[in-house]
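Chain residues, written in single-letter form:
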Amino acid sequence: MPACVGRERELAWITARLDATSANGTAAVLVSGPSGIGKSRLLDELRDQARSVSFPVLEGWCIRHAAFAPFLAIASQALALLRARDEQHLLSPAHLEALAPLVSARAPRGREDVDATEAAAGFTEAVSRLLSAVGRQRPVLVLIRGAARMDEASSALVRALLDAAGPAGEPTPGAASALLVASTREREPSAAFDHARAEMLPIHGLEAEALGRLLTEPSLLQRLHATTDGNPAVLLGLLGRPPSSRGDEVRSRMDELGEVPRRVVATLALADRPLPVLVLAAAIGVDAPSVHRAVPPLVGADLARRTLDPTVGDVVVGLARHDDGARVLAGYADSECMAIRARLGVALAEWGRATPEEVVLHRLAGGTGAGLVSESIEVARSLLQRHAPASALALLESCAQVADAAALKEVATLAMAAARAAGSEAEARGHVLRAREANPNDPELARLEAVIALSEGDLPRAERALEQAEATLAPGDDEERAMVLLSRAELRYQQGRFEEAERFAMDALARTAEPRRVAEARNVVTKVLLVRRDFDRGQAWTEESLVLARARRSQDELLRGLINLGVVAIWRDDLEEAQRRFAEARAVAVRGGSMMLQGVLRENEAVVAHLQGRYGDALRSYQEALEILTRVGNRRFVARVANNLGELYAQVGAGERARRLCEHAARVARGLSGSLAAESRMLRAQVELVEGRSDAAAEAARGGRRGTSRRRGTPSGWRARGCC
């Protein structure tokens, strides 16, 4: 392999980013450029240089069908490094248990009362803590190889790690010092790296001077000599010959191969990952020596690479370029590809090192799915418990193609849970609609469609779905009717029909004793009372909720009730009472309560300090709230807190910091309610005013007022934001 020459500027640029993570927290770099330009070689050189000056380096490879594929290797290397340094104590037993999806490919053992969002936040925190421990003395370099094949779970984890570091320019205290580096041929960032903390580094062709140095490399000179036999005329002829396309090269070389090498390449293309010889032999149906004999011609034709994979503990064979897969398969019929994937799924299962989701996806694609539906549903459920909801959704999509009516309902229900955990219920829409077609009189599926419509703001569709759900309810099914009524209450609340929202919520309360539904119904009533500014009833109702919470010993409901009492006091301008209620809530939060509610508590404490002019306390509480809510992943609350913190910076004259928070809030709130965007525009108006641009401030303020004019009777500014 030729040395990495002519890339000094790019190496220095990435190294500077690596050094900067000590102060700025986790960041990412995506190296982009056309195939063959030297991206992988640049990452190799970066790895070697970082290790030579004692930066810890972790490295993982992506497998499209396996959840967290690169992070399985990264976590293993990180833990081994901590053991070698005798620093295992830097991770608590709770952190180690939370890392179970990466360490032992199982769901963590946790309390049943911890919901999926809380557990996922704890998982992200544990991964961040692992990177922080490894990078305690010097920032850690994390190389993610084959990013074009990155699975959905890894992509979500990358975004979560970047989110957990805080807004760009406002790092979360204690965030990991890590730089994630990957490469891509795309000019635009992938979903994983479409983030304010990620930067693109485009790689272009070498300049003439650097090209001259490359041509003098001994390995390259030897290859040129071997190719041309030292004949200058042949060498000049090579220079005058137009380069052929990679597709033409692959097709030409495939035509020259024998049957076994062709089947090896096709299997690697469909596997979309390197595999040991024994697995390839089992998938093709030949003995291992036949595959061993087939590999050298493939390597010589630049169609395959043979490397030692330390995570597998074996020599593996993979495509020379992962994007050759489509070119290789262009000459294969769909039926041939299905047959290969069916055998591949069996071979991977016998190997024992492939993930369950990888095995069932290949078997489903191979047309052996009829008996795999229940197994696929169980694997998807396991993925959800292992904090890989997007991977669960991808598997469920394949499963749905061969599921019957009963299984489609189970698929849709699980897809709804997975989509909610992934933060996008719209992802479950297709599953729910498909299941409804197969089960037209199922009220639960109609209600799920209404829930999706509510999350998307499609209120007419939600109304129609709820009418259908109510029409198909079985007589006497009070629990299902209570759930429909709760959805109706939320619909009426979003429509601004508050009396009906309260009536539906009260009707739901009369029909259910299930604690979560009771809490949800009571919270709808609380929201209605507060938005109508009926503070006396709101306080009495919340105090009654506190009595029920104490009787049930529910820390979450107790914490929510105390926060709501503090919010009522804020709206009444009784800041001392609000402070007292939040102090009570803080005492409860020490004993327990969800991370979400703890983040909301910090936000409301910041609001009180903000209103009282205690800017130092407000700044500290806003930053704590931003850290917690970012880890939880609630975009609505994160955007709200970022706007609040930006407003504080604007008030004290820190215009640039306020602008960064304003941009962060707008980016996080993209696609959410208009009021959040309006708050960002009002904040931008303050920033423009602080920086002396009065015309721009007036324009931003007009846009903000248009957005806030639709808010129903709520006070303006951050007084209105203290709502649980």
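All figures in this text were calculated on a predicted structure; none of them were measured in a lab.

Novice: What is the right way to read the sheet that holds strand β6 (residues 275-276) from this model?
Specialist: For sheets, the rule is that strands pair by backbone hydrogen bonds, running either parallel or antiparallel. Taken in spatial order, the 3 strands make up an open sheet running β6-β8-β7, and their pairing is antiparallel. Each edge of the open sheet carries a strand with a single partner, namely β6 and β7 (304-309). When β7 meets strand β8 (residues 314-319), the two strands line up antiparallel, connected through 6 bridges. When the bridges of β8 are listed, Ala304 appears paired with Leu319.

Novice: How should I be thinking about the nonpolar core in this particular structure?
Specialist: Proteins that are soluble and globular tend to have nonpolar side chains buried together. Membership of the largest hydrophobic core comes to 75 residues, with the highest contact counts inside it found for Phe68, Phe71, Val158 and Phe193. The element contributing the most residues to this core is helix α20 (residues 405-422), with 9 residues. Those residues within four positions of Val158 in sequence are excluded, and the remaining contacts are Phe71, Ile144, Met150, Leu180, Ala192 and Phe193. In this structure, Ala549, Leu562, Met596 and Tyr622 belong to the second largest nonpolar core, which totals 52 residues.

Novice: Would you mind going over the pattern of salt bridges with me for this structure?
Specialist: Two side chains carrying opposite charge are able to pair once their charged atoms lie near each other. Going through the model one piece at a time under the given rule, you end up with 53 salt bridges. Of the charged contacts, one joins Arg511 and Asp478 as a salt bridge, the two residues approaching to 3.2 Å between their closest N and O atoms. Here Asp478 lies in helix α24 (residues 478-495) and Arg511 lies in helix α25 (residues 498-511), a separation of 33 residues in the sequence. Between Arg581 and Glu577 there is a salt bridge; the shortest N-O distance is 3.0 Å. With Arg581 and Glu577 both in helix α29 (residues 575-591), this residue pair falls 4 residues apart, about one helical turn. Among the residues examined, Arg581 registers a relative accessible area of 11% and is labelled buried. On the accessibility criterion, Glu577 (21% relative accessible area) is partly exposed. One salt-bridge network, in which partners are shared between bridges, spans Glu463, Glu470, Arg481, Arg488, Arg492, Arg497 and Glu500.

Novice: So what exactly am I meant to see when it comes to the packing of α29 against helix α30 (residues 595-611) here?
Specialist: Helix-helix packing is described using two parameters, namely the angle between the two axes and the distance between the axes. Put simply, α29 and α30 touch, their axes get as near as 10 Å, and they point 155° apart. Classed by the angle they form, the pair α29 and α30 counts as roughly antiparallel. Crossing hand, α29 versus α30: left-handed. Mapping the contact onto sequence places Leu575, Ala578, Gln579, Phe582, Ala585, Arg586 and Ala589 in α29 and Gln598, Leu601, Arg602, Asn604, Glu605, Val608 and Leu611 in α30.

Cut-offs and rules
- Residues numbered from 1 in each chain as written.
- Predicted model: local features only at pLDDT ≥ 70, side-chain atom pairs only at ≥ 80, totals over all residues.
- Heavy atoms only, no water.
- Pairing = 2+ DSSP bridges.
- Helix = DSSP H or I, 4+ residues; strand = E, 2+ residues; numbered from the N terminus.
- Core = buried A, V, L, I, M, F, W, Y, C linked by side-chain atoms within 4.5 Å.
- Buried < 20%, exposed > 50% of the residue type's maximum accessible area, 1.4 Å probe, protein only.
- Contact = heavy atoms within 4.5 Å.
- Salt bridge = Lys/Arg side-chain N within 4 Å of Asp/Glu carboxyl O.
- Axes fitted to C-alpha atoms, helices over the stretch in contact; angles between N-to-C directions.
- Parallel < 35°, antiparallel > 145°, perpendicular 65-115°, else oblique.
- Left-handed = near helix turned anticlockwise from the far one by under 90°.

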